[in-house]
Amino acid sequence: MREKLTILNAFVHDVATGTWIGTLVLLTILHQETQKPVWILAGSLVPGLERKFLVLTWVSLGIIMATGVVRMVTWKVFGWTGDMERDRIQLLKTKHALLGIVFAAGTAWQVALVYFSR
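Residues numbered from 1 in each chain as written. Predicted model: local features only at pLDDT ≥ 70, side-chain atom pairs only at ≥ 80, totals over all residues. Heavy atoms only, no water.

**Q** Help me out: how do you make sense of the overall build of the protein chain in this one?
**A** When helices and strands are counted, the protein chain shows 3 helices and 0 strands. Sequence-ordered secondary structure for the protein chain, helices as α and strands as β, is α-α-α. Relative to a compact globule of 118 residues, whose C-alpha radius of gyration would be 13 Å, the protein chain shows 18 Å and is clearly more extended. By principal-axis analysis of the C-alpha atoms, the protein chain measures approximately 60 × 30 × 15 Å. The burial tally for the protein chain puts 25% of its 118 residues in the buried class. Pairs at least 24 apart in sequence give 86% of the contacts found in the protein chain among residues at least 6 apart. Just so you have it, the protein chain exposes about 8200 Å², and 73% of that area is on carbon and sulfur atoms. (Helix = DSSP H or I, 4+ residues; strand = E, 2+ residues; numbered from the N terminus. Rg over C-alpha atoms; globule rule 2.2 N^0.38 Å. Buried < 20%, exposed > 50% of the residue type's maximum accessible area, 1.4 Å probe, protein only. Contact = heavy atoms within 4.5 Å. Areas by Shrake-Rupley, 256 points an atom, 1.4 Å probe, with all protein chains shown as cover.)

**Q** What am I meant to see in the pattern of salt bridges here?
**A** All told, the structure shown has 2 salt bridges when counted by the stated rule. Across the pair arginine 71 and aspartate 14 runs a salt bridge, and its minimum N-O distance is 3.5 Å. Here arginine 71 is found in helix 2 (residues 46-74), whereas its partner aspartate 14 is found in helix 1 (residues 2-33), with 57 residues between them in sequence. Exposure remark for arginine 71: the relative accessible area of 31% places this residue in the partly exposed category. Here aspartate 14 falls in the partly exposed class, since its relative accessible area comes to 46%. Among the salt bridges present, the one from glutamate 33 reaches lysine 36, with a minimum N-O distance of 3.0 Å. (Salt bridge = Lys/Arg side-chain N within 4 Å of Asp/Glu carboxyl O.)

The analysis is restricted to geometry; functional conclusions fall outside its scope.
Now the structure itself:
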């Protein structure tokens, strides 16, 4: 049962990551496209729509962090030990440091698009 919950947690973690990436792409494209003249009549709808997707960004980040903590606590379920464990820990630290920077920058970009670029 523990292994199934670990796999489910990893799945939710990955889906939330994909959702965050999707909101980044969507907000970027939405912001660029709605600057075109064809959007003048619908322009008043855009800020509210952008804010709703930004909420999805924050929810996704919360889920990523919560499930990431669970992953951190349960990663030994798969039985990594010895040198593999040491190397894996180093790689995970490096990966998460880089991803932390990417997520912070991407979220800052989304906030800037929604609140500071109109």
